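# A look at the structure
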Amino acid sequence: MLLCVACFFVACQSNRLKVDVSDIDLDIKIQRFERDLFALKTKGSLDDLKKTYPRILKLYSEKVIGLGPLDNSNYPEYLNKFLKDSTMSLVAQRIDSVFSDLNAQEKELTEGFKHLKYYYPEKQLPKVFSQQSGFNQSIVVDEGLVGVSLDKYLGKDCDFYGFLQRPIYLRENMTPQRVAQDILLAYALTEFPFKPQRQNLMEQMIYHGKVLYFLQALMPQKPEMDIMKYTAEDYQWCVDNEVQVWAYLIEQKHLFNTEYSMLRNYINDAPFTSGMPQESPGRTGTWIGLQIVKSYMNKHSEIALQDLMSNHDYAAILRESSYQP
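Below, the structure is looked at part by part.

About the thresholds
Residues numbered from 1 in each chain as written. Predicted model: local features only at pLDDT ≥ 70, side-chain atom pairs only at ≥ 80, totals over all residues. Heavy atoms only, no water. Helix = DSSP H or I, 4+ residues; strand = E, 2+ residues; numbered from the N terminus. Rg over C-alpha atoms; globule rule 2.2 N^0.38 Å. Buried < 20%, exposed > 50% of the residue type's maximum accessible area, 1.4 Å probe, protein only. Contact = heavy atoms within 4.5 Å. Areas by Shrake-Rupley, 256 points an atom, 1.4 Å probe, with all protein chains shown as cover. Lys, Arg positive; Asp, Glu negative; His and termini not counted. Charge placed at Lys NZ, Arg CZ, Asp CG, Glu CD. Pairing = 2+ DSSP bridges. Axes fitted to C-alpha atoms, helices over the stretch in contact; angles between N-to-C directions. Parallel < 35°, antiparallel > 145°, perpendicular 65-115°, else oblique. Left-handed = near helix turned anticlockwise from the far one by under 90°. Nonpolar A, V, L, I, M, F, W, Y, C, P; charged D, E, K, R; others polar. Phe/Tyr/Trp six-rings, centres within 6.5 Å; stacked < 30°, edge-to-face > 60°. Salt bridge = Lys/Arg side-chain N within 4 Å of Asp/Glu carboxyl O. Core = buried A, V, L, I, M, F, W, Y, C linked by side-chain atoms within 4.5 Å.

In terms of helices and strands, the protein carries 18 helices and four strands. Its C-alpha atoms give the protein a radius of gyration of 21 Å, near enough to 20 Å, the size a compact globule of 325 residues would have. Looking at the protein as a whole, 52% of its 325 residues are labelled buried. For the protein, contacts bridging at least 24 residues in sequence account for 65% of all contacts bridging at least 6. Summed over its atoms, the accessible surface of the protein is roughly 15700 Å², and 51% of this surface lies on carbon and sulfur atoms. One way to put it: in the protein the 36 positive side-chain charges average out to a point 3 Å from where the 41 negative ones average out.

Let us now look at the pairing of strand β2 (residues 127-131). Across the five residues of β2, four count as buried, placing the element largely inside the fold. Across two bridges, strand β1 (residues 30-31) lies against β2 in parallel orientation. Note that in β2 the partner of Ile30 across the bridge is Val128. Across five bridges, the pairing between β2 and strand β4 (residues 145-149) is parallel. If you follow Ser130 over to β4, its bridge partner there is Val148.

This part covers the packing of helix α11 (residues 201-218) against helix α16 (residues 284-299). A pair of packed helices can be characterised by two numbers: the angle between their axes and the separation between those axes. The N-to-C vectors of α11 and α16 enclose an angle of 65°; their axes lie 7 Å apart at closest approach. Here α16 runs roughly perpendicular to α11, going by the angle between their axes. In terms of crossing hand, the pair formed by α11 and α16 is right-handed. Residues Met205, Ile206, His208, Gly209, Lys210, Leu212, Tyr213 and Gln216 of α11 form the contact with α16, whose participating residues are Gly285, Thr286, Ile288, Gly289, Leu290, Ile292, Val293, Lys294 and Met297. Here the contact of α11 with α16 is built from residues that sort into nine nonpolar, six polar and two charged.

Moving on, we come to unusual backbone geometry. Non-glycine residue Gln199 carries a positive phi angle of around 55°. Inspection of the secondary structure puts Gln199 in the loop between α10 (179-191) and α11. Residue classification places Gln199 among the partly exposed positions, given a relative accessible area of 37%. Positive phi is not limited to glycine here, since Ser322 has a value of about 50°. Tracing the sequence through the fold places Ser322 in the segment after α18 (314-321).

Our next topic: the packing of aromatic side chains. For the coordinates displayed, the defined rule picks out 16 aromatic pairs. When the centroid spacing of 5.1 Å and the interplanar angle of 75° are considered together, the rings of Phe33 and Tyr60 count as edge-to-face. You can see Phe33 sitting in helix α2 (residues 33-38) and its partner Tyr60 sitting in helix α4 (residues 54-64), a full 27 residues away along the chain. With a relative accessible area of 1%, Tyr60 lands in the buried category. For the pair Phe135 and Tyr161, a centre-to-centre distance of 6.2 Å together with 85° between the ring planes defines the contact as edge-to-face. In this pair, Phe135 sits in the loop between β2 and β3 (139-142) while Tyr161 sits in helix α8 (residues 159-163), placing the two residues 26 residues apart along the sequence.

Take the environment of Trp237 next. Looking at where Trp237 falls in the secondary structure, it is placed in helix α13 (residues 232-240). What makes Trp237 buried here is its relative accessible area of 13%. As for Trp237 and Ser280, which are separated by 43 residues in sequence, their C-alpha atoms are 6.4 Å apart. If near-sequence neighbours (up to four positions away) are discounted, Trp237 is found in contact with Val245, Met276, Pro277, Glu279, Ser280, Pro281 and Thr284.

Attention shifts here to the pattern of salt bridges. In total, this model carries 15 salt bridges according to the counting rule given. A salt bridge links Asp159 to Arg94; its shortest N-O distance comes to 2.9 Å. A residue pair is termed long-range when its members are at least 10 positions apart, and Asp159 in helix α8 and Arg94 in helix α6 (residues 86-98) qualify at 65 residues. The partly exposed category is assigned to Asp159, whose relative accessible area is 33%.

Moving on: the nonpolar core. Judged by nonpolar contacts, the single largest core of 102 residues is most densely connected at Phe33, Leu37, Leu109, Phe214 and Leu308. A total of 12 residues in this core trace back to one element, the largest contributor, which is α11. Once you skip the residues sitting within four places of it in the chain, Phe33 turns out to touch Leu49, Tyr53, Ile56, Leu57, Tyr60, Phe129, Ser130 and Gln131.

The subject of this paragraph is the side chain of Thr175. As for its placement among the helices and strands, Thr175 is situated in the loop between α9 (168-171) and α10. For Thr175, a relative accessible area of 12% gives the class buried. In this structure Thr175 touches Tyr153, Gly155 and Lys156, once residues within four positions along its chain are discounted.

What follows is the structure in structure tokens.
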């Protein structure tokens, strides 16, 4: 039954997001930086790596694994210790085993960025590279660069995540199937930053709803439950309880609350939404935000995706959506 629900929502995605990108010539490749980095243990030189990845190595060393500037006289020693760390070596081997190639991820990214070019033909695409972060950030973004930490996508049953005591609800999405999606999501969050007017929950909900609607436009083949990174059960709970969740937000006067704890409760990842039944998923505010944005776009066929993403009047979007679950 849950599979049927998922298929139903694939079929019901707005036709306006189904566009023909077959004539857009694009082939995305992910640079395997982490392979070339760990190859230094047996071959190659640090100078060659600096020449091949000048900006990536700097970003990685300073912002990801915290080794400091490349011109530090102790940098080669620090890097050598990192590469020869027994745990990092085991993780590198696991990455090679799980990701012998990135063909599936590159294919999905290519389709996603083709859709981006359809809507924004003038935008320059970032260079994408893979890295081993020591289980730090999943995605790092710099000007013209997006890095994905493959050690954060080794599969929900990966023993490393158990040793690190990563919560089960987070491990569910630490899989190879989420790599391309998270890259595109990080790109969207960077390209379209939050510009609040009141800094309240309603604005956060609609902002994140806009970002997920944009992600749907880049990945129209994905069902909404995948865009939300929900299980079928979580998604069905939201569908079944949409009226009650919206009523609860209004009755409790949460929509215009500006407390950080309130925003975090409805927007951030969590095993469930505090104040609601434990069967509820986290990020119910984000899901409602997506429903508001969908209602707004369905009601206003004259509004293009580009218009939506440049609109920061969240109150107007709510008002003009006529959202009523």
